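# Architecture and fold: a report
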Amino acid sequence: MRIERIVSFVLAVTAVLVQSGGAQAATKTKWIEYKQGDTALSGYLVYDDAVQERRPGVLMIHDRSGFSAGTLADAEMIAKLGYVVFAEDIFGKGVVPKTVPEMMDTIAIYDKDRALMRARALAGFDVLKAQPMVDAAKIASVGYCFGGTTGIELIETGAPLLGFISVHGAFQNFAPEAAKNIKGRVLILHGAEDPVAPMEEVDKVISQFRAAKVNFEVNLYSGAAHAFTNPQNPSEVRADGEYKVAMARFLKELLGS
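The text that follows walks through the structure, step by step, so that each part is easy to find. Small disclaimer: the values here were computed from a predicted structure and weren't measured.

### Comments concerning the overall build of the chain
Helix and strand content of the chain: 7 helices and 8 strands. Burial status across the chain gives 47% buried among its 257 residues. For the chain, restricting intrachain contacts to residue pairs at least 6 apart in sequence, the fraction spanning at least 24 positions comes to 67%. Accessible area for the chain stands at about 11900 Å²; split by element, carbon and sulfur atoms hold 55% of it.

Okay, here's the thing in structure tokens:
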């Protein structure tokens, strides 16, 4: 019954969007070239070109696959909620690892160099807030997998984000004292059976948030492992549906719609 309610909710929201604004919607996508230091980067901007006024922005941080088809689809999905979305580039222009070993080697560079990870994340944030259609006072971030780690590093710089959502992220090697720099809210959406980022890891970052009095919440999905947005079983199908509802609700609370 719960799955049926979620499906009904998503279909109802879709119907309202189609009826109220679908005829006017003009989704625009474009690649934006920028730099962090001397490194060339290229991010993916998505927004509704028919909307004239400034609107909230969402900085999306890709998973270990970089700018895969899934990353672009996720950016477009979030933009359809009514936001300007910038999928920032952490790896560098044209760096799209194809195999799991390549992906692991690539993310290891940033896992071992958190200063570089933060610098890349901040570079994309600066690009998004500079867009003329973006209300720079209303920006949140969403990170998938590796992007979950990167997003925590970003908000722990004290960047003026209203909030951050981690979708099956990983939570290792954060400086415990850095949580006190977080200004916005945090939502963790996580598979309870995730072997990549087990519950011990989640508990550790929650302890850091509690000590720093961060405004946070955690949604755990039973039976779901890592990368449940590419579901492999009925529990992950449910998790994939429920995280989208939770994300939409959280962003609306932070940014409006």
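So much for the structure itself; the text now carries on.
### Notes on the pattern of salt bridges
Applying the stated criterion to the full structure yields 11 salt bridges. Between Arg118 and Glu153 there is a salt bridge, and its shortest N-O distance comes to 3.0 Å. Taken as a pair, Arg118 in helix H4 (residues 114–129) and Glu153 in helix H5 (residues 146–155) lie far apart in primary sequence, 35 residues in all. The class of Arg118 is partly exposed, set by a relative accessible area of 28%. For the salt bridge of Glu217 with Arg185, the shortest nitrogen-to-oxygen distance reads 3.4 Å. Here Glu217, found in strand E8 (residues 216–221), pairs with Arg185, found in strand E7 (residues 185–191); they are 32 residues apart in sequence, far enough to count as distant. Among the residues examined, Glu217 registers a relative accessible area of 23% and is labelled partly exposed. By sharing partners, the salt bridges in this structure join Asp111, Arg114, Arg118 and Glu153 into a single network.

### Observations regarding the nonpolar core
Counting 33 residues, the largest nonpolar core has Phe86, Ile152, Val186 and Phe209 as its most contacted members. Those elements that provide at least two residues to this core are strand E1 (27–36), strand E2 (39–48), strand E4 (84–88), H4, strand E5 (134–144), H5, E7 and helix H6 (199–212). Counting residues per element, this core draws most heavily on H4, at 5 residues. Each residue touching Phe86, except ones within four places of it in the same chain, is listed here: Ile32, Tyr34, Gly43, Tyr44, Leu45, Val58, Leu59, Met60, Gly124, Val127 and Leu128.

### Digging into the packing of aromatic side chains
Inspection of every chain in the model, using the stated rule, returns 10 aromatic pairs. An aromatic cluster of at least three residues, connected via ring pairs, comprises Tyr144, Tyr221, Phe228 and Tyr243.

### Let's talk about the packing of helix H3 (residues 100–112) against H4
It is at 5 Å that the axes of H3 and H4 come closest, and there the two elements cross at 100 degrees. Taken together, the axis directions place H3 and H4 in an arrangement best described as roughly perpendicular. The residues of H4 that touch H3, namely those facing Ile109, Tyr110, Asp111 and Lys112, are Arg114, Leu116, Met117 and Arg120. Residues belonging to the contact of H3 with H4 are distributed by class as follows: 4 nonpolar, no polar and 4 charged.

### Some points on the packing of H4 against H5
Between H4 and H5, the shortest axis-to-axis distance is 9 Å and the interhelical angle comes to 85 degrees. When the axes of H4 and H5 are compared, the pair comes out roughly perpendicular. Contacts between H4 and H5 involve Arg114, Met117, Arg118, Ala121 and Leu122 on the former and, on the latter, Phe146, Thr149, Thr150, Glu153 and Leu154.

### Section: the pairing of E4
Counting buried positions along E4 gives 5 out of 5 residues, so the element sits mostly inside the fold. Note that E2 and E4 share 3 bridges and pair antiparallel. Residue pairing across strands places Tyr44 opposite Ala87, the latter belonging to E4. In terms of strand pairing, strand E3 (residues 55–61) meets E4 through 5 bridges, oriented parallel. Bridging from a neighbouring strand, Gly57 pairs with Val84 of E4. In this region the chain leaves E3, passes through helix H2 (residues 69–79) and returns to the parallel neighbour E4; the handedness of that crossover is right-handed.

### Details of the layout of surface pockets
Counted as a void, the second largest pocket has a volume near 680 Å³. Elements with a minimum of two residues in the lining of the second largest pocket: H2, H3 and H5. Here the lining of the second largest pocket takes 5 residues from H3, the largest share from any one element. Each residue belonging to the lining of the second largest pocket can be placed in one class, and the counts come to 12 nonpolar, 12 polar and 6 charged.

Cut-off values and rules
Residues numbered from 1 in each chain as written. Predicted model: local features only at pLDDT ≥ 70, side-chain atom pairs only at ≥ 80, totals over all residues. Heavy atoms only, no water. Helix = DSSP H or I, 4+ residues; strand = E, 2+ residues; numbered from the N terminus. Buried < 20%, exposed > 50% of the residue type's maximum accessible area, 1.4 Å probe, protein only. Contact = heavy atoms within 4.5 Å. Areas by Shrake-Rupley, 256 points an atom, 1.4 Å probe, with all protein chains shown as cover. Salt bridge = Lys/Arg side-chain N within 4 Å of Asp/Glu carboxyl O. Core = buried A, V, L, I, M, F, W, Y, C linked by side-chain atoms within 4.5 Å. Phe/Tyr/Trp six-rings, centres within 6.5 Å; stacked < 30°, edge-to-face > 60°. Axes fitted to C-alpha atoms, helices over the stretch in contact; angles between N-to-C directions. Parallel < 35°, antiparallel > 145°, perpendicular 65-115°, else oblique. Nonpolar A, V, L, I, M, F, W, Y, C, P; charged D, E, K, R; others polar. Pairing = 2+ DSSP bridges. Right-handed = clockwise from strand over helix to strand, strands pointing away. 1 Å grid on protein atoms, 1.4 Å probe; cavity = no way out; pocket = protein on both sides within 12 Å on 5 of 7 lines; lining within 4 Å. Points joined across faces, edges and corners; volume = space filled by probe spheres on them.

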